[in-house]
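Structural characterization, general
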Amino acid sequence: MIHKTETKEIRGEWIEFIYHLQDTICKALEEVDGKALFLEDEWQRADGKGGGGLTRVIQNGNVFEKGGVNTSVVYGQVPDKMRKQLGIDGAKWFAAGISVVIHPVNPFVPTVHCNYRMFELYNEEDILTDRWFGGGTDLTPYYLFEEDAKHFHQTYKNVCDEFDPSFYPTFKKECDDYFVNKHRDNERRGIGGIFYDHQREDENHNRDFWMNFGKSCGNAFITSYLPIVEKRKNTLYTEKNKHWQEIRRGRYVEFNLIHDRGTLFGLKTNGRSESILMSLPPTVRFKYNYQPEPGSAEDKLLQVCLKPVEWVPPSLKREL
């Protein structure tokens, strides 16, 4: 049995990582934008108890219309609604994570999201009863450039293959099956990436394995996304392109508010609403029964959202 105090070093290592990654990502995004800077907002949970977070938001930039890079370190008693929603049986909980959502100005630059987190659960005597890691990064373009899709997916496949060649196909499918607007004929919000959750240590993968995997995935964010931004940020666009971007942003909002477990978890555990909802784009458009013209660039994007694509070839190694 491990007492909560004995896991302090583990929690500290993960917290240090997410704070450092937050600094690194914000600096890189500011350099690409060239105008807007992140505004920092430190917050605490109700009554100053249960931890808090550091929300950083960039708005009205040359490249980024709105974006957030958030860290949170929170804990507390397990309420009934959390027990029911997460299917957990414990008395106390701890969670620490980083969440990134970037909405660009230019419709030819994709929106991106990533989230990496650690969760611990304790009993009434503060004995650790469970620990898991989760996370992922996914891309939501408005116009499809296959070379960009391949670059993004190849970046995360390379990371996954360093740990286990079975991870990329498994976690890509998890991503394709998770970021789905089921109420819209299983339309994906984008072209996916990787997604994993509730990964616990076992005889083959110890705690350090999963922590290091999360770190490697988090550190790959800049490499996976910024080359695409640099390539597309100066592309000329029209009002028609912006109109389509806002239509697709509407789908993004629908997923986040209806299906996303992280959003629902935060709102149901008295999380800070402004930080949770920073993921929403600044402008969206909901148009009744909007359908893109068949065969158009807009329709091409929609089709890959309806039918996920294998963007990179499988590993030469046998996938387990």
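Just above sits the structure.
Notes on the structure follow. (Residues numbered from 1 in each chain as written. Predicted model: local features only at pLDDT ≥ 70, side-chain atom pairs only at ≥ 80, totals over all residues. Heavy atoms only, no water.)

**Some points on the overall build of the protein**
The secondary structure content of the protein amounts to 10 helices and nine strands. In terms of C-alpha radius of gyration, the protein reaches 20 Å, essentially the compact-globule figure of 20 Å for 320 residues. For the protein, the C-alpha atoms occupy an extent of roughly 60 × 50 × 40 Å along the three principal directions. The buried share of the protein, taken over its 320 residues, is 57%. Long-range pairs, those at least 24 residues apart, make up 71% of the contacts in the protein between residues at least 6 apart in sequence. Accessible surface, the protein: about 15200 Å² in total, of which carbon and sulfur atoms supply 49%. For the protein, the centre of its 43 positive side-chain charges and the centre of its 48 negative side-chain charges are spaced 4 Å apart. (Helix = DSSP H or I, 4+ residues; strand = E, 2+ residues; numbered from the N terminus. Rg over C-alpha atoms; globule rule 2.2 N^0.38 Å. Buried < 20%, exposed > 50% of the residue type's maximum accessible area, 1.4 Å probe, protein only. Contact = heavy atoms within 4.5 Å. Areas by Shrake-Rupley, 256 points an atom, 1.4 Å probe, with all protein chains shown as cover. Lys, Arg positive; Asp, Glu negative; His and termini not counted. Charge placed at Lys NZ, Arg CZ, Asp CG, Glu CD.)

**Observations regarding the side chain of Asn70**
Position of Asn70 among the secondary structure elements: in strand β3 (residues 64–77). A distance of 3.1 Å separates a polar side-chain atom of Asn70 from the backbone oxygen of Ser275. For Asn70, the contacting residues outside a window of four places in its chain are Gln22, Leu54, Thr55, Arg56, Gly97, Ile98, Ser99, Ser275 and Met278. (Polar contact = N/O pair within 3.5 Å; in protein donor to acceptor, adjacent residues only side chain to side chain.)

**Some remarks on the pairing of strand β9 (residues 192–199)**
Of all eight residues that make up β9, seven are buried, and the element is covered over most of its length. With six bridges joining them, strand β6 (residues 128–140) and β9 adopt antiparallel strand pairing. Looking across to β9, one finds that Asp138 is bridged to Gly193. (Pairing = 2+ DSSP bridges.)

**Points about the environment of Arg117**
Within the secondary structure, Arg117 is located in strand β5 (residues 111–122). Among the polar contacts made by the side chain of Arg117, one reaches the side chain of Asn115 at a distance of 2.6 Å. Among the polar contacts listed, one links the side chain of Arg117 to the side chain of Asp197, at a separation of 3.4 Å.

**Quick word on the sheet that holds β9**
The seven strands are arranged β1-β2-β3-β4-β5-β6-β9 in an open sheet whose pairing can be described as antiparallel. Every interior strand has two partners, whereas the edge strands, β1 (39–44) and β9, have only one. Neighbour to neighbour, the strand axes of the sheet diverge by 5° on average, direction disregarded. (Axes fitted to C-alpha atoms, helices over the stretch in contact; angles between N-to-C directions.)

**Section: the packing of aromatic side chains**
Summed over the entire model, instances satisfying the criterion amount to 27 aromatic pairs. Ring pairs connect the aromatic residues Tyr116, Phe163, Phe167, Phe171, Tyr196, Phe209, Trp210 and Phe213, which therefore count as one cluster. Directly above the ring of Tyr122 sits Lys4, whose terminal nitrogen or CZ lies 5.4 Å from the centroid. Positioned above the aromatic ring of Phe94, the side-chain terminus of Arg11 is 5.4 Å from the ring centre. (Phe/Tyr/Trp six-rings, centres within 6.5 Å; stacked < 30°, edge-to-face > 60°. Lys NZ or Arg CZ within 6 Å of the ring centre and 35° of its normal.)

**Some points on the packing of helix α3 (residues 146–163) against helix α5 (residues 207–219)**
Following both chains from N to C, one finds α3 and α5 inclined at 160°, their axes separated by 10 Å at the closest point. One way to sum up the angle between α3 and α5 is to call them roughly antiparallel. The chirality of how α3 crosses α5 is right-handed. The residues of α5 that touch α3, namely those facing Tyr156, Val159, Cys160 and Phe163, are Phe209, Asn212, Phe213, Ser216 and Cys217. Per-class residue counts for the contact of α3 with α5 are seven nonpolar, two polar and no charged. (Parallel < 35°, antiparallel > 145°, perpendicular 65-115°, else oblique. Left-handed = near helix turned anticlockwise from the far one by under 90°. Nonpolar A, V, L, I, M, F, W, Y, C, P; charged D, E, K, R; others polar.)

**A closer look at the side chain of Glu298**
The topology assignment puts Glu298 in helix α10 (residues 297–306). Although Glu298 is buried, it makes no salt bridge; Lys240 carries the closest opposite charge, 4.4 Å away. (Salt bridge = Lys/Arg side-chain N within 4 Å of Asp/Glu carboxyl O.)

**Structural notes on the pairing of strand β2 (residues 51–59)**
Judged by how many residues are buried, β2 sits mostly within the fold: eight of nine residues are covered. Relative to β2, β1 is paired through six bridges, and the arrangement is antiparallel. Counted as the bridge partner of Leu39 is Val57 from β2. As consecutive antiparallel partners, β2 and β3 are separated by four residues, and within that stretch Asn60 has a phi angle of approximately 55°, a positive value.

**Describing the pattern of salt bridges**
In total, this model carries 30 salt bridges according to the counting rule given. Across the pair Arg251 and Glu187 runs a salt bridge whose closest N-O atoms are separated by 2.9 Å. Of this pair, Arg251 sits in helix α7 (residues 239–258) while Glu187 is found in strand β8 (residues 187–188), placing the two residues 64 residues apart along the sequence. Accessibility assignment for this pair places Arg251 and Glu187 in one class, buried. Bridged by salt links that share partners, the residues Arg11, Glu120, Arg131 and Glu201 form one connected network.

**Structural notes on the nonpolar core**
Trp14, Phe64, Tyr116, Phe213 and Tyr225 are the most contacted members of the largest nonpolar core, which has 65 residues in total. No other element matches the 11 residues that helix α1 (residues 8–33) contributes to this core. Residues Met82, Ile88, Leu121 and Trp132 belong to the second largest nonpolar core, which totals 11 residues. (Core = buried A, V, L, I, M, F, W, Y, C linked by side-chain atoms within 4.5 Å.)

Take it as geometry only, folks, not as evidence of what the structure does.
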